[in-house]
Amino acid sequence: MEKIPSFNACVQKSIIDHWDLDALTDFKGQTLQYHDVARKIEKLHILFENSGVVKGDKIALAGRNSANWAVAFLATLTYGAVAVPVLHEFTADQMHNIVNHSEAKLLFVGDVVATTIDATKMPALEGIIYIPDYSLVLSRTDKLTYAREHLNEMFGKKYPKYFRKEHVNYYIEETPNELALVNYTSGTTGFSKGVMIPYRALWSNLDFAIGVLGPHVSPGAHIISILPMAHMYGMAFEFIFEFCCGCHIYYLNRIPSPAIIAQAFAEIKPKVIIAVPLVIEKIIRKRVFPKIQNNKMRLLLNMPVINKKINQKIKEQVAAAFGGEFYEIIIGGAAFNREVETFLTRIDLPFTVGYGATECAPIITYADYKDFVPTSCGKAVVHMEVKIDSNDPQNVPGEILARGLNVMLGYYKDPEQTDQNITDGFFHTGDIGELDADGFLKITDRKKEIFKTSGGKYVSPQLIENQLKLSRFIENVMVVGEGEKMPAAIIQLNFPFVREWARRHKVKLGKTNEEIIQNQAVHDRIAKEVEKVNNHLGKWEQVKLFDFTPDEWTIDGGHLTPTLKLKRRVIKEKYIDIYNKFYNK
C-alpha cells in the first residue's frame, strides 16, 4: 500500500494555517472563525477526557447541518473516538436502533431530534448533548455531569492566559486502516447498514478533491452546504474538502425551501456547487423550460444565428440563479434526467456528473466539466479502479465493481454482508453499467431495483420513471410490479402545474389535493402522458395502471433519501392500498 498521510493532520494544519479566517456560518446566524472552531474542539476534548471517553469509543451525531454539528464531528475524530453520523431524517426508532447497534457512548442531538428520541430506548448511552449549545440533555454518569458543569473552569485552568495555535495538537491515527466513522446508509430498498469508513478513505477522497477542485477554490472562498453532512456525499464535498482548504462554509440549517436556496446562492455566490439531480431538475423544469417550450421560442431556436444568442442568454440566466461565480456544478447521488442533461449540454453550462457510494466514502468516478462526456459519470478517480463484471464491458452492461483506497472496511457487525459485497478487494456496487474505450463509465441500471413480472420478463423501473418525469404534470413516480402480471405506477402529481393547467382549460378541480387526484379530467390527461411513454416501451414494460397520492413526497415524510432517491420499500408500504387495488389483492 502506498504511503498515506494522516487525515487528522490535514484538519489540524488547516485550522492553524487559516486561524483568523471565517470557517463556518449558520446562514442568517452565527459565524465561527477557524480559531473559534479550535477553541470549541478543545473544550469538547476536555469534556470527553473528563467524562471517561477513550480512543475508539463511538460518538453519534444526529441533527440538521450546523456549525456546531461540524465542530462536534471534528472534535470526535481529532480526539481518537469513532464518529457515528446519523441522518436527522431517520425515524426515532431507526435512531434508537443505530445508537444501540453502534454501541455509541455519547449522542449529540439537534433541536428537532431532541424532541423525538426516547432515551429509555438507548440504555447503553452515558449521555445526550444538545448541539446548539453543548448542554446536557441527559447524563447517566457523575463524571459527565461534573465535566459539563465545570467545563469552562477546566478550560481556564488548562489555558490560563489564552488559547493559541501552538496548543492545537490532535490525535493522529495510528494506521490508515484505522476506523474513523460508521456511516449508516439511507437505504432505498432495505434497512440501514453500518458502513465502516477508515481514515485512508477520508484522506483519499480529500486528496481527490484537492487535486481536481483545489485549483479553483482558495482560502476564504464561499461554499453552500445543502446536503446533510451525515451523508457521505455532503460530508466529503460540502464540508471536509472545503474545511481543509480554508474555505468559508455556509449551512442552510433549516429545511431549505426553493426561495431560501435562491436567496442563499444570490448572496453567498459559491465557488463550487454540489447538487443532487432533483434539485437541478426542479429548477430547470419549473423555471426555465416553461419559458422556452412554446412555439415562438421553438421557432427562434431553430434559426442558427439567433439560436446561439438565445442559448447564451439562457446560460447566463441559469448561471445567475446559482450565484454566477461558480467554477462548475457537480451532480451526483442519483440518476440524472436525460432531457435536462441534454439541455444543460446545449447551453454549455459548466456541469459534470460524478458517481459514488457510501461504501466508497463516496467518490468512484468523476471528470472535470471540460472533459466530461454527456450521459457518462466520468472516469475512475485517483486511488481507485473500476471494472465491469462483463466479458464485453464496452457493449454488454454488467455490475460496476470498484477497488482502491476509498473502499470501506466492511459493514459493522455484519461479516456475511461484507463478504457478499467485497470480493478480491472489489466493492460490488449493485449498479449496472458500461465502460467506453476511454474509460468513461455509463450507468445503465440499478441491479437491486430491476424486477421480474409474473410472466418472467425483466423491468427496469428507473428508466420508465425517468421518462414519465419528463412530463410537467408529474413531480415524482414509482413503478411497481415485481411478481405481478404487469407494471403499474404510483404518481405524485406536480400540483401547482395541474392547477395552472386546470385554470387555463377551465377545468373545475376543487381546492384540496384529495379532490384533484379524484378528478376524472386530471386522470384522463395523465393517461395521455403515460401513453406517450408506453409508445416507446416493450409491451411487457408498459404501464397499464396508475394512481395518484394526495401528499407530496419528501425527505422528512420518509419517501426520499437525502440524495432524493426513492425509498421504494417505504413508498410501497405507505401506499399499500393503491398497490393492492392495482392487483386486486
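Scroll up to find the structure this text is about.
Here's what I pulled together on the structure shown here.

Here is what the cut-offs are and how they apply
Numbering of residues starts from 1 in every chain and runs along the sequence as written. Selection of residues for local features in this predicted model requires a pLDDT of at least 70, selection of side-chain atom pairs for listing and counting requires 80 or more, and totals for whole chains, interfaces and linings are taken over all residues. Only hydrogens and water are set aside when side-chain values are computed; all heavy atoms of the structure are taken into account. In DSSP terms, a helix is any run of H or I states spanning at least four residues, a strand is any run of E spanning at least two, and both are numbered starting from the N terminus. The quantity called the radius of gyration is restricted to C-alpha atoms. Its globule counterpart is 2.2 Å times the number of residues to the power 0.38. For this analysis, residues touch if any pair of their heavy atoms sits within 4.5 Å. Computed with a 1.4 Å probe, the accessible areas rest on the Shrake-Rupley method; for each residue, only the protein chains presented here act as cover. His is not counted, nor are the chain ends; Lys and Arg add positive charge and Asp and Glu add negative charge. By convention, the charge on Lys lies at NZ, on Arg at CZ, on Asp at CG and on Glu at CD. Partly exposed residues are those whose accessible area sits between 20% and 50% of the maximum for their type, while under 20% is buried and over 50% is exposed, using a 1.4 Å probe and protein chains only. Among buried residues, the Ala, Val, Leu, Ile, Met, Phe, Trp, Tyr and Cys ones that are joined through side-chain atoms within 4.5 Å form a nonpolar core. Here a pair means two rings of Phe, Tyr or Trp (six-membered ring of Trp) with centres within 6.5 Å. Their orientation is stacked below 30 degrees between planes, edge-to-face above 60, and tilted elsewhere. Whether a charge lies above a ring is judged from NZ of Lys or CZ of Arg, which has to be within 6 Å of the ring centre and within 35 degrees of the ring normal. Expected helix span is taken as 1.5 Å per residue step, with the number of steps being one fewer than the number of residues. Each pair of strands is called paired provided DSSP finds at least two bridges between the two strands. Convention adopted: a line fitted to C-alpha atoms gives each axis, helices being fitted over their contacting stretch, and angles between N-to-C directions are expressed from 0 to 180 degrees.

1. Considering the overall build of the chain
Stage number 1. Within the chain one finds 21 helices and 28 strands.
Stage number 2. For the chain, whose C-alpha radius of gyration is 25 Å, the value lies close to the compact-globule estimate of 25 Å for 585 residues.
Stage number 3. Sequence-distant contacts, at least 24 apart, represent 64% of the contacts inside the chain between residues at least 6 apart.
Stage number 4. Total accessible area computed for the chain in this model is approximately 25200 Å², and 52% of it derives from carbon and sulfur atoms.
Stage number 5. For the chain, the separation between the mean place of its 70 positive charges and that of its 68 negative charges on side chains is 6 Å.

2. Considering unusual backbone geometry
Stage number 1. Geometrically, the link from Ala361 to Pro362 is a cis peptide bond, its omega value of -5° lying close to zero.
Stage number 2. Within the secondary structure layout, Pro362 lies in the loop between strand 15 (355–356) and strand 16 (363–366).
Stage number 3. For Glu103, which is not a glycine, the phi torsion comes out positive at approximately 60°.
Stage number 4. Among the secondary structure elements, Glu103 is positioned in the loop between helix 4 (92–102) and strand 5 (104–109).
Stage number 5. Its identity as a non-glycine residue notwithstanding, Lys269 has a phi of 50°, on the positive side.
Stage number 6. With a relative accessible area of 31%, Lys269 lands in the partly exposed category.

3. Some details on the nonpolar core
Stage number 1. Counting 161 residues, the largest nonpolar core has Phe73, Phe239 and Phe243 as its most contacted members.
Stage number 2. Beyond its immediate chain neighbours, meaning those up to four positions away, Phe73 contacts Leu61, Ala83, Pro85, Leu181, Met235, Phe239 and Ile240.
Stage number 3. Among the nonpolar cores identified, the runner-up in size contains 27 residues, and Ile464, Ile516, Val533 and Val543 belong to it.

4. What about the packing of aromatic side chains?
Stage number 1. Applying the stated criterion to the full structure yields 25 aromatic pairs.
Stage number 2. Between Phe239 and Phe243, the ring centres sit 6.2 Å apart and the planes meet at 65°, which makes this aromatic pair edge-to-face. Here the residue Phe239 and the residue Phe243 both occupy positions in helix 9 (residues 232–244), the gap between them amounting to four residues, near one helical turn. Judged on exposure class, the residue Phe239 and its partner Phe243 are both buried.
Stage number 3. On the basis of an interplanar angle of 75° and a centroid distance of 5.7 Å, the ring pair of Phe473 and Trp501 is categorised as edge-to-face. Pair noted here: Phe473 is in the loop between helix 16 (461–468) and strand 26 (474–480) and Trp501 is in helix 17 (residues 495–504), with a separation of 28 residues, a long-range link. Each member of the pair, Phe473 as well as Trp501, is classed as buried.
Stage number 4. Connected via pairs of aromatic rings, a cluster forms that spans Tyr34, Trp69, Phe73, Phe239 and Phe243.
Stage number 5. A cation over a ring is seen here: Lys43 above Phe155, with NZ or CZ 5.4 Å from the ring centre.
Stage number 6. Stacked on the ring of Tyr579, the Lys or Arg Lys572 has its end atom at 4.3 Å from the ring centre.

5. Notes on helix 13 (residues 304–321)
Owing to its 3.6 residues per turn, the α-helix aligns residues three or four sequence positions apart on the same side.
Stage number 1. The terminal C-alpha atoms of helix 13 lie 26 Å apart, and with 18 residues this matches the ideal 26 Å at 1.5 Å per residue to within 8%.
Stage number 2. Among the residues of helix 13, those classed as buried are Asn307, Ile310, Asn311, Ile314, Val318 and Ala319.
Stage number 3. Of the residues one or two after helix 13, Gly323 is the one with positive phi, at around 100°.

6. Description of the sheet that holds strand 14 (residues 351–353)
Stage number 1. Judged by pairing direction, the sheet is parallel, and its three strands sit side by side in the order 12-13-14 without closing on themselves. Strands at the two margins of the open sheet, each flanked by one partner only, are strand 12 (273–275) and strand 14. For this sheet the average axis-to-axis angle between neighbouring strands, irrespective of direction, equals 20°.
Stage number 2. As judged from the three bridges shared by strand 13 (residues 329–331) and strand 14, these two strands associate in the parallel manner. Bridging from a neighbouring strand, Ile329 pairs with Phe351 of strand 14.
Stage number 3. Strands strand 12 and strand 13 of the sheet are contacted by helix 9, whose axis makes an angle of about 175° with strand 12.

7. Some thoughts on the side chain of Asn466
Stage number 1. With respect to the element layout, Asn466 can be found in helix 16.
Stage number 2. Among the residues examined, Asn466 registers a relative accessible area of 16% and is labelled buried.
Stage number 3. Residues within four places of Asn466 in sequence aside, it is in contact with Ala335 and Asn337.

Worth remembering: the numbers are spatial, not functional.
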